[in-house]
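What follows is the residue order along each chain.
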Amino acid sequence: MEFSDLIRTGRAQAKLLRGPEAPPLRGTLCLTGHHLLLSPGPQATSELWLLLLRSVDSIEKRVASDSGTITLRCKDLRVLQLEIEGVEASLDIARSIEALSSLESVITSFPFFYRPKGLRLGDAWHFHPPERYYKRVARETNAWRLSEVNEDFSVCPSYPRAVIVPRSVDDGALARSARFRQGGRFPVLSYHHAPSGTVLVRSSQPLTGPQKRRCAEDEELLRAVLAGARPGARGFIVDTRSSQAAKQARMTGGGTEAKAAYPGWKRLHRPLERGQPLQESFVRLVEACGDLQQSTDSWLRRLEGCCWLAHVKEALSAACLAAQGMEREGACILVHGAEGTDSTLLVTSLAQLILDPLSRTMAGFQELVEREWIQAGHPFQLRCAHSAFSHARPKHEAPTFLLFLDCVWQLGRQFPLSLEFGEGLLLALFEHAYASPFGTFLCNSEKERCLCEVRTRTHSLWSGLNQPKEQRKLRNPLYAPNPLAIWPSVELQSLRLWQGLFLRWIRPPEPSEVAWEKVWQIVTDKEKTKLSQPTVSASEPQL
Amino acid sequence: MEIHTNEKEVTEKEVTLHLLPGEQLLCEASTVLKYVQEDSCQRGIYGKLVCTDFKIAFLGDDDSALDNDETQFKNKVIGENDITLHCVDQIYGVFDEKKKTLFGQLKKYPEKLIIHCKDLRVFHFCLRYTKEEEVKRIVSGIIHHTQAPKLLKRLFLFSYAAAAQNHAATDPRNHTVMFDTLKDWCWELERTKGSVKYKAVSVNEGYKVCERLPAYFVVPTPLPEEDLSRFQGHGIPLWCWSCHNGCALLKMSALPKKEQDDGLSQMQKSFLDGIYKTIHRPPYEIVKTEDLSSNFLSLQDIQTAYSKFKQLFLIDNSTEFWDTDIKWFSLLESSSWLDIIRRCLKKAIEITECLEAQNVNVLLLEENASDLCCLVSSLVQVMMDPHCRTRIGFQSLVQKEWIMGGHSFLDRCNHLRQSDKEEVPVFLLFLDCVWQLVHQHPPAFDFTETYLTVLSDSLYIPIFSTFFFNSPHQKDNVGRESQDTQSKPLNLLTVWDWSVQFEPKAQMLLKNPLYVEKPKLDKGQRKGMRFKHQRQLSLPLTQSKSSPKRGFFREETDHLIKNLLGKRISKLINSSDELHDNFREFYDSWHSKPTDYHGLLLPHIEGPEIKVWAQRYLRWIPEAQILGGGRAATVSKLLEMMEEVERLQEKIDARPHGQGALLAEAPLLLRGSARLSALFPFALLQRHPSKPVLPTSGWKALGDEEDLAKREDEFVDLGDV
C-alpha cells in the first residue's frame, strides 16, 4: 500500500483557525503521508504550519456552497478549524485525513521516517534499561540478581529481556511462577527502598481460579522477597481491585493469593478505576472543559460528575499507602491488579516518586517512565490509540498514563521545589504518548518493539528531549534537591484541575504560570550576577 | 475514649497570662483539656482556660518550646490559643456525646466545649476534669461575653485606647491616605486628574448635613451646595474615582421611597431631574446608572451563601472531614459562594468596560451606597488603577471606599451581637474577590495573599478602630463623648499600623517578592507610555458589530428610540444582548493581549478560574496541609534567591546597605522550608511533622496485627497499625 493511494487531493487553498489566542492563518494546504502542512505563501512572514496526522483524534466536515469546513480535534486536546476552498477538495482532504490518521501499521508510521538534524539513530536507546537500575540496587543490597530468563520473551511477552528477581530463586522457578501468573508476569523488583531495607515488587494476578490452585515456586518467590528484605519484614499485597472484583476474577481463572499459602503476607484492597470507565471520565472532563461559558456552579457540578479528580485522589492515596508501608511500617509491598500493566504501574511509579529523591530528577524521572511504564509493558499502542474526542467506540483505550502524569503534576504543584522537571516535560510526555515523531512510545511491549526494530530504526524521545534547546521548557527553575519523602495531601480540597493540560488550548497558561517568567528572570539574574563576580560565588556556601 | 496523659503533666506549670493594657481577667478554669485535632486518638493538652474582656485564652502546660520562635509567624496581639471575643462565631456544648448550640442561661453544663471562630478555627475543650464551680463560671462567662448584646461604649477598643495612651510611638498613619481631611480628597482628585470636573467640599464638616457621609467628600463642580443638604445626603452623586480618559465612577444613595406623600415625591423627582441634568451636560460624559439594589446580588444572598460555605471548613474532627471530602465539589457548589464572587467580578468588569471602552460615567445606585457600592467601586479601582495594587494604595482605597464610604462594619460583622440578620460578610467578599485577582495575576500586586488573610483576621481584633464603627461620624462622636470625661483625646489605633501586630520580619510575608515594580521613566517618556497604554486598551465600540440575536422588531424600536431621543439617551437603554456583546468583546480582547501589570487588570471569570482561598479557609485543617510544599516553599525559595541576588549586587556596586537589610531577615522565617506547611504561615501541624496523612473514605481505626489478618478479605487500610 502506498500513502498516495489514500491521498485524493493533495493541495488546496485554506484558512486555519487555531482558537481565540492565535491569529488565523491563510495559505496553501498540503497533505502528505504523515503531515498536514499549511504554507502561508511567499508574502507572509509567518512560518510553515505543520500537524502530524497521527495526532488527529476526530474529524468533522461541513460544506457550504463553494467551500468546506473541517474541524480537527487532536489527541493533545487542541481543536483546529480549516476552511477550505472548493467543496470537492475539502471532502477529499477530509477523507484522506481520516484514512491516514487511522493507519494501524507501526512500521509505516512517522517515527520510521523521521530523521531530525543533530540526532543520531540509536542515541539514548540504551539510556535506561533495567540493567542500569540493577547496578544501583546491587550497590545497596545483594539479595537481588538480574535474570535473563526472559531473554527471548518466551516466559513473559510483556516483560523486558532482563528483570530483577530475588537472588535465591533460580530461573526454572521463575518460569514456573510465570505460568501461575496472568500473562506470565511473575513478581519482579520495582524499587528497592534502601533506608528501610524494603522492596516494592509488582506482578499480575495469580491464576488461582475456582479450584484455588497453588504454585510452590510462586510462594517460594514471595518468601524470598521477605527473606531478602530487612530482618523480620512483613509483606503487604496491595490489590488494585476491590475484594469483590478480586473474588469474581476467580471464576475466570484469576484470583488472589490465598492467605495460608503466603505466610507473612497480608492483602489490602485499593480499588482503582481502569479501562473504559477511566476513559469515559477523561472524555467527560474534556467535554466540560470545552464548554466554559457556564457559571461556576455548573462547572463544579460537571467537574465532580466526571470523577477525574476522584481518580487522581485514589491513585495518589494508593501510592501513599504503598510508600507508607515501606517507609513507616518497614514492610515489603507487592502491587498487582489483574493484568498488572495499568493501575499496578501507576501505583509503583508514584510510590517511587514519593520516596525516591533520585526519581524526582530529570534523568531519574525519564528513567522511571522508561523502566516502570515502557519496559514494564504498559500497552501504549492500545491505550493511547484514541484520546478524548474520538467517535470510535473505545476498546482498549484508557488514559492510565495521563492519570499518572496528572498525579505527578499534583505532586509538583504541592512540592514546587522538589521536582527537577516542570510541567513542560509532563505535557511533552502526554503529547508524545498519543502521537509522536519519536519511537519511544510505539508498540505495547519490548517484544513488539524488538520485532519492529524500533530501537535501530527510530529516534528515542529522550534524546530529542535532552537536547539543550529543549531544556528551558522542561526544567523547574526552582528545583532544590529534597532528600525527604514528599507526602502529598490527597483530599479533593488540595487537588487541582491540571489547567495547563485540560485548558491548554482554551485559555492562556495558568495565571500563576505567568509568575513563572518572573521566576526564570530571578534565577537567570542570580546566575548572571554570579558570573560577573566569580569571587563572590566562591564564598557562597556560607548561606 | 482514651486520653494519653500522665499525672505529671497535670501538675500545672505557671504560664502567665499576657494581658494588653486595659485588659481585665473576668473568669478562669483550670485542668481544662484542649484537644489536638487528630483522627481517632483524642490527645490533648491540660491547661487553664481564661476569659478576659478582650479574649478567650487557653494557657497550656505543654512545653512552650514548641513555639519555635524562628519559624512562627507570630501575631503580637493574638496568640495561637487566643480567641478575641468578637472572633467567636458559635459555641457548642457536648452533653452525653450530643452536640448542642449554647446560648443564654444554661440549666446544665456541658462536658465539652466547642468554639467555632470567625477565622474558621475550631477549638475543643474538655471540662470533665475541671471543678464544677469553675465550669459554671467559665461557660456562662464565655457565653455571656461573646453572645449577649453589647453597648458600643463597652467595646474593648476604648479601654485599650484609654490605657495605652503612651504606647503610640510609631506613626500610625504609615502613609496610608485616611481621607479624613479635605487635603486628602484634593490629593486624590489631583492624582486621578479628576479636579477638572469635580470638587472636594467641606459642607458636611461636623456632620451638619448628614451623619452617614464623611466630613469631606467630592461632588461634580457645578452642583450647588444647598442641594447637598436637601435630602440628608441622599440623591447626591458622590465621586469615587476618575479614569485616565476623564470618565468617573460615581455613587449615590437612593432617595427613600415614600408612596403616600405625593408632594414630597414630586419634590424628590424634580430634585433628581435637576441633578441628572447637571451631570448629563458637557463637559460631563454620558452617565450610565447601575442600580445595585435591584438587579444584582442581595445582601441576603451573600449571607446565606457564606453561612453555607463556612460550614465546609468548620470541621469538628477527621471523620467528619473525610465524610464531607467525597462530596466536596457538590457542597462547594451548593453554597454558591464562588458563584457570588464570580458575579461580583463580572459586574466590576462590566463597569470597567463602560468607563474604559465606552467612555461613559457610571453612577452606582444603592439604598445607602454603603454595601455593594463599596464592593463594586473598590473592585473596579483595583482592576483599573495600579496604585490600588500597592499596599499603601490598597489601604487608602479601603479607607476611602469602605471606612469613609460608611460601610457599617459594626453591624455587618455583628460586633455588638445586636442583630444576626444584619451580619453580612460584604468586606470579606471583597477581600475574596481581590484574592482571586492576586491569585491570577501575582506580579501585579505589591501585597500577598497572607496580607489579605491577616487583614480579614483583623476584622475581629477590637484594638483597632478601623473596623469597629458604622460610620466616621459614629467614630468621631464616640471619641468626643469620651473626651468629656477625660482630658486627653482618645488615641484609637488604625489597623494599617502593621507593626502593632507583627514584627518587621513577619511583615516581610505581607510583601510580594514577585511584584513587578513600575519601571521608572523620565517625564517625557511616561507621557508617551500613557498614550500608548490608552490606545492599546481602548477598543472599538460595538456599533460596528451588529448583534445577530436581535429580531426585526427590536431593531425597529431601537431606531425609533434613537430618532426620538437622540443618540445620547439611546445608549442608556442598551438592550441586554448588546451589553453582553460589549462585555464579551472587551473581556476576550483584553485576555488575548499580553498583560500589562501597570495597566488595566481583568480577572478570568470562567468556572475553573474561581478558586477557594485555601490559605484563609483551609489553614486550620490538618488534612489539607502539605508539609514542605505548596506556595510557601516557592516563596521562601524566591526570597532566598532574591536576597542572594541583592547581596551579590550590593557587593558589585559596593553600595551602602539600604533596604537590603530588611529583606535579609525574611528567609530566617522561612528557612528549612521542608518543615513548613503549604498553608504557611498559618499551619498548626508543625507538631507532628513526620506523620504522613493517609486518606480513606470511611476510615476505620485498626486494631492490632491479628485483627488485620482476620479481616483479610475486607476493605482494609494500613493506618496506624
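Residues numbered from 1 in each chain as written. Chains lettered and ligands numbered in written order. Predicted model: local features only at pLDDT ≥ 70, side-chain atom pairs only at ≥ 80, totals over all residues. Heavy atoms only, no water.

Visitor: What am I meant to see in the overall build of chain B here?
Guide: Counting its secondary structure elements, chain B contains 24 helices and 14 strands. Within the span of chain B, comprising 721 residues, buried residues form 56% of the whole. Sequence-distant contacts in chain B: of pairs separated by 6 or more residues, those separated by 24 or more amount to 72%. Carbon and sulfur atoms make up 52% of the accessible area of chain B, which totals about 31,100 Å². (Helix = DSSP H or I, 4+ residues; strand = E, 2+ residues; numbered from the N terminus. Buried < 20%, exposed > 50% of the residue type's maximum accessible area, 1.4 Å probe, protein only. Contact = heavy atoms within 4.5 Å. Areas by Shrake-Rupley, 256 points an atom, 1.4 Å probe, with all protein chains shown as cover.)

Visitor: Whenever I open this one, the nonpolar core confuses me. Can you help?
Guide: One broad trend across soluble globular proteins is that nonpolar side chains are buried collectively. Formed by 288 residues in total, the largest nonpolar core has its most connected members in F404(A) and F502(A). For this core, the element with the highest residue contribution is helix α9 (residues 308-327) of chain A, accounting for twelve residues. Not counting residues up to four positions away in its chain, the partners in contact with F404(A) are L346(A), S349(A), L350(A), L353(A), F365(A), L368(A), V369(A) and W373(A). Of all hydrophobic cores here, the second largest spans 34 residues; its members include L189(B), V201(B), L228(B) and M404(B). (Core = buried A, V, L, I, M, F, W, Y, C linked by side-chain atoms within 4.5 Å.)

Visitor: Just to check I follow, could you spell out helix α12 (residues 391-403) of chain B for this structure?
Guide: Three or four residues apart is the spacing at which side chains of an α-helix point the same way, because the helix has 3.6 residues per turn. Burial analysis of α12(B) places twelve of its 13 residues in the buried class, the great majority of the element. Considered for burial, the residues of α12(B) that qualify are R391(B), G393(B), F394(B), Q395(B), S396(B), L397(B), V398(B), Q399(B), K400(B), E401(B), W402(B) and I403(B).

Visitor: What is the right way to look at the pattern of salt bridges in this model?
Guide: Opposite charge on two side chains permits pairing when their charged atoms draw close. Residue and element names in this part refer to chain B. A full pass over the atoms with the stated rule returns 48 salt bridges over all chains. Where D119 meets R121, a salt bridge forms, and the shortest distance between an N and an O atom there is 3.1 Å. A single burial state applies to D119 and to R121, both of which are buried. (Salt bridge = Lys/Arg side-chain N within 4 Å of Asp/Glu carboxyl O.)

Visitor: Explain the pairing of strand β5 (residues 88-95) of chain B to me, please; I cannot follow it from the model alone.
Guide: Each regular strand displays side chains that alternate between the two surfaces of the sheet. Counting buried positions along β5(B) gives seven out of eight residues, so the element sits mostly inside the fold. Where β5(B) hands over to strand β6 (residues 98-101) of chain B, the hairpin turn is made up of two residues, of which D96(B) adopts a positive phi near 45°. (Pairing = 2+ DSSP bridges.)

Visitor: Is there a simple way to explain the pairing of strand β1 (residues 11-17) of chain A in this structure?
Guide: Residue and element names in this part refer to chain A. Where β1 meets strand β2 (residues 25-31), six bridges bridge the pair, whose relative direction is antiparallel. Residue pairing for β2: Q13 is matched across the bridge by T28. Bridging between β1 and strand β7 (residues 79-85) involves four bridges; their strand directions are antiparallel. Within β7, the position partnered with L16 by the bridge is L82.

Visitor: Is there a simple way to explain the packing of helix α11 (residues 362-374) of chain A against helix α13 (residues 400-414) of chain A in this structure?
Guide: Geometrically, a packed helix pair is captured by the angle between its two axes and the distance between the axes. Residues and elements named next belong to chain A. It is at 13 Å that the axes of α11 and α13 come closest, and there the two elements cross at 150°. The angle between α11 and α13 places the two elements in the roughly antiparallel class. Viewed along their axes, α11 and α13 form a crossing whose handedness is right-handed. Contacts between α11 and α13 involve F365, L368, V369 and W373 from the first element and T400, F401, F404 and V408 from the second. Residue composition of the contact of α11 with α13, by class: seven nonpolar, one polar and no charged. (Axes fitted to C-alpha atoms, helices over the stretch in contact; angles between N-to-C directions. Parallel < 35°, antiparallel > 145°, perpendicular 65-115°, else oblique. Left-handed = near helix turned anticlockwise from the far one by under 90°. Nonpolar A, V, L, I, M, F, W, Y, C, P; charged D, E, K, R; others polar.)

Visitor: Can you help me understand the packing of helix α10 (residues 343-355) of chain A against α13(A) in this one?
Guide: All names here are of chain A. Packing of α10 against α13 brings their axes to within 10 Å, and their N-to-C directions diverge by 20°. It follows from the interaxial angle that α10 and α13 lie roughly parallel. You can see that α10 and α13 cross each other, and the crossing is right-handed. Packed against α10, whose contacting residues are S343, L346, S349, L350, L353 and I354, the element α13 presents T400, L403, F404, C407, V408 and L411 at the interface.

Visitor: Got a minute to help me understand the sheet that holds strand β5 (residues 56-63) of chain A in this structure?
Guide: Whenever strands of a sheet pair, they do so through backbone hydrogen bonds, lying parallel or antiparallel. Residues and elements named next belong to chain A. Read across the open sheet, the seven strands follow the order β4-β3-β2-β1-β7-β6-β5; overall the sheet is antiparallel. Each edge of the open sheet is held by one strand with a lone partner, namely β4 (49-52) and β5. Averaged over all neighbouring strand pairs, the angle between strand axes comes to 30°, with direction disregarded. Helix-sheet contacts for helix α2 (residues 87-101) involve β1, β2, β3 (35-39), β5, β6 (67-74) and β7, and the interaxial angle to β5 is about 165°.

Visitor: I keep staring at the sheet that holds β6(B) and nothing clicks. Help me out?
Guide: Residues and elements named next belong to chain B. Read across the sheet, eight strands follow the order β4-β3-β2-β1-β8-β7-β5-β6 without closing on themselves; strand pairing throughout is antiparallel. The open sheet terminates on both sides in strands that have one partner only, identified here as β4 (82-84) and β6. Strand-to-strand twist of the sheet, defined as the mean angle between neighbouring strand axes without regard to direction, takes the value 30°.

Visitor: Help me understand the domain arrangement of chain A, please; the structure alone is not making it clear to me.
Guide: For interface size, the figure often reported is the accessible area lost on association. All names here are of chain A. Domain assignment breaks chain A into domain 1 (4-103) and domain 2 (130-523). Computed over C-alpha atoms, the centres of domain 1 and domain 2 are 36 Å apart. Across the boundary between the two partners, domain 1 contributes 15 residues, which contact 21 residues of domain 2. Interface area, domain 1 with domain 2, both sides summed: about 1,400 Å², of which 66% is carbon and sulfur. Summed over the three residues of domain 1 that lose the most area to domain 2, namely D57, K75 and L77, the buried surface amounts to 45% of that side. Across the domain 1-domain 2 interface, the total number found is zero salt bridges. Taken together, the links from domain 1 to domain 2 amount to seven residue pairs in polar contact (both at pLDDT 80 or more). Elements that contribute at least two residues to the side of domain 1 that touches domain 2 include exactly β5 and β6. (Domains from an automatic or database assignment. Buried area = accessible area lost by both parts, 1.4 Å probe. Polar contact = N/O pair within 3.5 Å; in protein donor to acceptor, adjacent residues only side chain to side chain.)

Visitor: Got a minute to help me understand the side chain of S456(B) in this structure?
Guide: Residue and element names in this part refer to chain B. Along the chain, the position of S456 falls in helix α15 (residues 449-458). Taking the relative accessible area as the measure of exposure, S456 reaches 0% and is therefore buried. A polar side-chain atom of S456 sits 2.7 Å from a polar atom in the side chain of R616. Apart from residues no more than four positions distant in its own chain, S456 is found in contact with L428, L431 and R616.

Visitor: For this particular structure, what's the right way to read helix α7 (residues 275-289) of chain A?
Guide: Helix length check: α7(A), at 15 residues, gives a terminal C-alpha distance of 22 Å against a target of 21 Å (1.5 Å per residue), a fit within 8%. Within α7(A) the residues assigned to the buried category are L278(A), Q279(A), S281(A), F282(A), L285(A), V286(A), A288(A) and C289(A). (Expected span 1.5 Å × (residues − 1).)

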